[in-house]
Structures are given as C-alpha cells and as structure tokens.
Amino acid sequence: MSSSEVDLFVIGAGSGGVRGARVAAALGARVAVAEERFFGGTCVNVGCIPKKLFSYGAHLREDLDDARAYGWDVAEPALDWPRLIANKDKEIARLNGIYQRLLEGRGVEILRGRATLEGASTVVVTAPDGAVTRRTARHVLVATGGAPLRPTFPGAELAMISDEVFYLPKRPDRLLVIGGGYIAVEMAGIFRGYGAQVTQVYRGALFLRGFDRDVRTHLAGEMRHRGVDLRFHTDVASLARRADGALDAVLTTGETLVVDAVLAAVGRSPNARNLGLEAAGVALDERGAVRVDGRFRTSARTVYAVGDVIDRVQLTPVALSEAMIVAQNLFGGAKRAPDYEFIPSAVFSNPSIGTVGLTEDEAREAAVTRGGAVDIYRSTFTPLKHTLTGRAEKTLMKLVVERDTDRVVGVHVVGADAGEIVQGFAVALKMGATKAQLDATIGIHPTAAEELVTMREKCPEPDHTMNVEHVAEGAPPRRGIVHHRWEDSDAQ
Ligand code: NDP
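Residues numbered from 1 in each chain as written. Predicted model: local features only at pLDDT ≥ 70, side-chain atom pairs only at ≥ 80, totals over all residues. Heavy atoms only, no water.

Participant: Go over unusual backbone geometry with me, naming the residues and quoting the values.
Facilitator: Note that the residue after Asn350, namely Pro351, is joined by a cis bond; omega there is 0 degrees. You will see that His233, though not glycine, has its phi angle at about 55 degrees, which is positive. The phi dihedral of Asp311 is positive, around 55 degrees, even though this residue is not glycine. Mapped onto the secondary structure, Asp311 falls in the loop between strand E16 (303-305) and helix H8 (316-331). (Helix = DSSP H or I, 4+ residues; strand = E, 2+ residues; numbered from the N terminus.)

Participant: Give me the lowdown on the sheet that holds strand E11 (residues 236-241), citing residues and values where you can.
Facilitator: Overall, antiparallel pairing links the three strands, which are arranged E11-E12-E13 in an open sheet. Of all the strands in the sheet, the pair left with one neighbour each is E11 and strand E13 (256-259). Adjacent strand axes in the sheet meet at a mean angle of 20 degrees, parallel and antiparallel pairs treated alike. Where E11 and strand E12 (residues 247-251) come together, five bridges link them in antiparallel fashion. Residue Ala240 lies in a different strand from E12, and its bridge partner there is Asp248. (Pairing = 2+ DSSP bridges. Axes fitted to C-alpha atoms, helices over the stretch in contact; angles between N-to-C directions.)

Participant: An account of the pattern of salt bridges is needed here, citing residue identities and associated values.
Facilitator: For the structure on display, the rule yields 41 salt bridges. For Arg231, the salt bridge goes to Glu255, with nearest N and O atoms at 2.7 Å. Of the two residues, Arg231 is situated in strand E10 (residues 229-231) and Glu255 in the loop between E12 and E13; the sequence distance between them amounts to 24 residues. On the basis of relative accessible area, Arg231 is assigned to the buried category, the value being 18%. We note a salt bridge from Glu360 to Lys398, for which the minimum N-O separation is 2.7 Å. Of this pair, Glu360 sits in helix H9 (residues 360-370) while Lys398 is found in strand E20 (residues 395-402), placing the two residues 38 residues apart along the sequence. With respect to class, Glu360 is no different from Lys398; both count as buried. (Salt bridge = Lys/Arg side-chain N within 4 Å of Asp/Glu carboxyl O. Buried < 20%, exposed > 50% of the residue type's maximum accessible area, 1.4 Å probe, protein only.)

Participant: Just give me the short version of the environment of Leu64, but keep the residues and values in it.
Facilitator: Within the secondary structure, Leu64 sits in helix H3 (residues 48-67). On the basis of relative accessible area, Leu64 is assigned to the partly exposed category, the value being 32%. Between the C-alpha atoms of Leu64 and Glu420, which are 356 residues apart in sequence, the distance is 22 Å.

Participant: Describe the site of the ligand, with residues and values.
Facilitator: Around the ligand, 20 residues are found, and the nearest of them are Gly180, Tyr202, Arg203, Gln314 and Ala346. Ile183 is positioned such that a nitrogen or oxygen atom in its backbone is 2.9 Å from an oxygen atom of the ligand. One of the backbone nitrogen or oxygen atoms of Gln314 is found 2.8 Å away from an oxygen atom of the ligand. Protein chains bury 83% of the 900 Å² of accessible surface belonging to the ligand in isolation. Tallying contributions element by element places helix H6 (residues 182-193) first for the shell around the ligand, with three residues. Tallied by class, the residues present in the shell around the ligand amount to eight nonpolar, five polar and seven charged. (Near = heavy atom within 4 Å. Polar contact = N/O pair within 3.5 Å; in protein donor to acceptor, adjacent residues only side chain to side chain. Areas by Shrake-Rupley, 256 points an atom, 1.4 Å probe, with all protein chains shown as cover. Nonpolar A, V, L, I, M, F, W, Y, C, P; charged D, E, K, R; others polar.)

Participant: Requested: an account of the nonpolar core, with residues and values cited.
Facilitator: Across soluble globular proteins, nonpolar side chains show a tendency to be buried alongside one another. Grouped together as the largest cluster of nonpolar side chains are 97 residues, with contacts concentrated most on Phe9, Val31, Phe191, Phe207, Leu277 and Val290. Among the elements that take part in this core, H6 stands out by supplying seven residues, more than any other. For Phe191, the contacting residues outside a window of four places in its chain are Trp81, Val165, Leu168, Arg171, Pro172, Leu175, Ala196 and Val198. (Core = buried A, V, L, I, M, F, W, Y, C linked by side-chain atoms within 4.5 Å. Contact = heavy atoms within 4.5 Å.)

Participant: For a nonpolar patch on the surface, give the residues involved together with the corresponding values.
Facilitator: Judged by side-chain polarity, Tyr70, Trp72 and Leu388 come together as a nonpolar surface patch covering roughly 380 Å² of accessible area. Along the chain, Trp72 falls in the loop between H3 and helix H4 (81-105). (Patch = residues over 30% accessible without salt bridge, like charges linked within 9 Å, V, L, I, M, F, W, Y side chains within 5 Å.)

Participant: Hey, could you go over the confidence of the model for the protein chain for me, with residue numbers and the actual values?
Facilitator: On average, the protein chain scores 94 in pLDDT, and the residues at 70 or more come to 94%. Here residues 479-492 is a poorly scored stretch, pLDDT under 50, and it has 35 contacts once near neighbours within four places are set aside; other chains count. (pLDDT = per-residue confidence, 0-100.)

Participant: An account of the packing of aromatic side chains is requested, with residue identities and associated values reported.
Facilitator: Using the criterion set out here, one finds seven aromatic pairs in the structure. Geometrically, the ring pair formed by Phe54 and Phe166 is tilted, given 5.4 Å between the ring centres and 55 degrees between the ring planes. With Phe54 in helix H3 and Phe166 in the loop between helix H5 (162-165) and strand E8 (174-178), this residue pair connects regions lying 112 residues apart in the sequence. Taking the relative accessible area as the measure of exposure, Phe166 reaches 1% and is therefore buried. Geometrically, the ring pair formed by Trp81 and Tyr194 is edge-to-face, given 5.4 Å between the ring centres and 85 degrees between the ring planes. Of this pair, Trp81 sits in helix H4 while Tyr194 sits in the loop between H6 and strand E9 (197-201), placing them 113 residues apart in sequence. Each member of the pair, Trp81 as well as Tyr194, is classed as buried. Above the plane of the ring of Tyr167 lies Lys88, whose end atom (NZ or CZ) is 4.2 Å from the centre. Over the aromatic face of Tyr377 sits the side chain of Lys435, whose NZ or CZ is 4.2 Å from the ring centroid. (Phe/Tyr/Trp six-rings, centres within 6.5 Å; stacked < 30°, edge-to-face > 60°. Lys NZ or Arg CZ within 6 Å of the ring centre and 35° of its normal.)

If you want it as structure tokens, here you go:
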C-alpha cells in the first residue's frame, strides 16, 4: 500500500467520525481523517458539552436562592458572563486536544481542511492555505454531521442560531427563542436561569412534539412557573433592527416584542452538500440526508455514512454506536446491525426530562393495532428538597405498561436529574422488564427515583378518544424518539 492509500478515510472528526476512526485503527486498519472546523464536532464545541455546562451554571442561581432555606446567608449573586464563556472555552480547548491526541495515539493520519470525494474511492482535502492532499481509500466514512437551519421570514438573518449562543459576549437581557424542540426549551431554561427575560414562541399547540403529552404539559407549566413567557400557536413573522440596537420581533399574532437577541432553534439539516457525494454515486433523500442501508452503506459501495448526516436519530451516543458498527463490520469481521429500540434521551430543560420507550399515545395506538390495552401509572409530587425551600416545583414520573404482557414500554420523568434516573431504567426496558419486576424492586429511600418502583395505582382509563395532533405543514416526522427498525430496503 502506498502512503497515499488508506483502508478507511473518515470525513469529519465529530463524535461519529472520531469513534469510527479510532475503532478501525485499533482493529489494524490504516486510517486518515479530515476535519475542516473543530475536533469533537457539534457535541463538543457547540452542542451537548457547552450546553450542559451552561445548564449547570443556570441551575446554580436557583441553588443559591434555595441555600437560604437551609441556613446559609447568601448575598445577591452577580453574574460575570465573560468569565463563564472564558472557562467554557478553556474546557472545550482541552477536549479538542484530547480528541486530537486520541486519533494520533492510534496512528490515524489527520488532515486539516475541507474534504471532497473525487469518485467513490478518492478523497481530496484542501487545507486552509490552499494545499491539496489526495488519498485513495478502500472505504470512505462520511460523518459530517448537521448544521442549524435558519428560518426564512424577513429579517431572519438577525436571529442567532445555536452555534452562536455559546460565544455571546454578553448575556442578553431580553431573549426571544423560536421553536419547540430540544434546543429551544433547553436554551429558554438556561437563559432564564441566568436571569434573562425569556419569551419562547412555538408554532403548534404544545411544544416537544413526539414526547409524551403529560411530559410536554408538565414542562410547559414548570417553565411558565419559572418565568418563561411561553407562547404556543405563535411564530415570528419578521425581525428588524431598531435604532437603539435592539430588535423588533413582529409575531404572527400581530404583537411586536422588543428584545435584545433572538435565537432560532428550528431544527438541523444534514451536512451532505458540496462534498462531491452525488457525483460519486451517493444518493441523498428528500431532506438532503445521505441514504444508507441497514449496515450504513450508501448507494456507492465503498462509501458509508453515520450520525446526523443520515438524519435518523440526531443524538451523539447513536452516532457513536453507528460508527462502531461500521468499523467492526469492515475491519473486525462483525456482522452487526443497529438497534434503535428503546433509545433513552434527556432534555436539559429546567426542569429536565428523561425519557425512554413509548409515549402513552404511541402505546395506545400500538395496542389498538394488536388488540391489546395499556396501563398508565403516573405520579406528581414535590421533591423533598423543596419542602424546606417552599419552591412550588413538582416532579412528574410516568410508566407506560402493556397490559397483556405486563411489559414496561415507556418511562418518562420531568424533574431534577431526570436523565440520570432514566439511564438505569433504559437498561431494564431493554431487558424486557415487567411492571411486576419493578414492583419487586426495593426502592432507595429517600430519593425521587424510588417513586418509579413504588407506583401501585393505575390511572383511570381515559374517557376520551385519542387526540389527533395538528402538525404544522412541512413539519418532518419526529425522529428523536425512534421505535422503527431500519432494514436494507429502507436505503437506496
Ligand atoms: P428539533 O427538531 O428538536 O425541533 C425543531 C423545532 O422547531 C420544532 O419545535 C419544530 O416545530 C420547530 N420548527 C421547525 N421549523 C420551523 C419553522 N420554519 N418555523 C418555526 N418553527 C419551526 O430541533 P432542534 O433544533 O431543537 O434540535 C435538533 C436535534 O438535535 C434534536 O432533534 C435532537 O435530536 C438533537 N439535540 C439533542 C439534545 C439532547 O439530547 N439533549 C439537545 C439538543 C439537540 P414542529 O414540532 O411543529 O415541527
């Protein structure tokens, strides 16, 4: 093999790309990776990690208030926003270095610059200084991720996208958030926690489409309670800069809001354009995502794709798992296929959501098809911590159970540490846990999580027919929570 030939060329050093490259190299493959922006991709740089750091910071404000009820005299805290950004940047730079060293440690060749395909087996990388490097690859892995979409109303260019919120030089005093997905609810909670006046608009009747209805309603109530001005059936019609530097946001209700910043969080689209994919024979779907089969192979036989660029489930752990499958199948003799059943996820809203499995509506729909029935167990309670603080905060916990099999098919939590709680229950659901097994499990006292193993009373049967949700025209099917198994026939 000449120095310009590799077994695997990975385009994109984000979560999926780095994992695929490392695993392939560990299995003895000769690997090269091209990255034009930053190591670690969206998750490390402008996604999960800085968002979670911001989320910790936002919660600390509440903790400082709560501390008084526990005997601490705490002065009114002052915010030094630039210090937050500087500390966050330092941590992200450290992580960038770790990702780079992980690749180097495995002998992966790193090429900085933009990679494009020249046919299905040649990758051309153009460095920032214009230098061009060519590599011939037995296999190519496209792991280029996605990018935030911008809305199209007049003045939309005045709104930020999520990448930008992590570099704001100043915390906006008045923030308008557009959208009702993961990013919108997380950022609304974070900026409210940091003391901003936050308005969030969502075009539909209730945000977080695809999540359990009780979860959505509960979170809406809790967010309003914390002072987020939530407006449903409302969108932004236009934005314009005012003479004083603020923004006039004209809403579809006719009202005009004056704000300092607007965040558009209206979804993300796959980074699949201008990579030479189509010319190399790689087919894209109607949303511009790379089409792959059940083993992540594209319509060009040497080219594979994983992560957000295939637009199945836009979650870091899913991209990691997909990349590992590709590397192990190609270089480890494995024949693995992905398993998208019971993918847990958390939304770091305030309060946070942890969820795994079917929503009540999904389970009822499935039961109708099967001729079965569903039992629901639900509990809403004040967390012990807030018995002293007096904070009127409620935690919601819900179990969705298939009546005929007694199998627990959904666990939903809204409250402190919801993601930490649900991760363990995801293992149980994956193993096919029944309600009787949950009942036989001893709780840990006093915790919030013990509620999930002590719920005995079924909710009464609903006396209404299932609501059919009106979905905005052009809205994509929800893919965050997936119960579909992709088959080879889904590709090409
Ligand atoms: P989502 O797809 O989650 O939500 C997009 C939101 O924008 C929806 O409420 C959608 O409404 C709305 N919307 C779409 N188009 C328009 C429009 N033209 N005008 C107004 N509103 C619009 O996208 P996000 O950007 O929040 O996040 C992208 C993905 O990243 C998530 O789906 C998730 O997979 C991942 N992510 C995961 C996180 C986590 O695990 N904690 C955190 C952040 C992101 P409608 O419902 O009506 O279509």
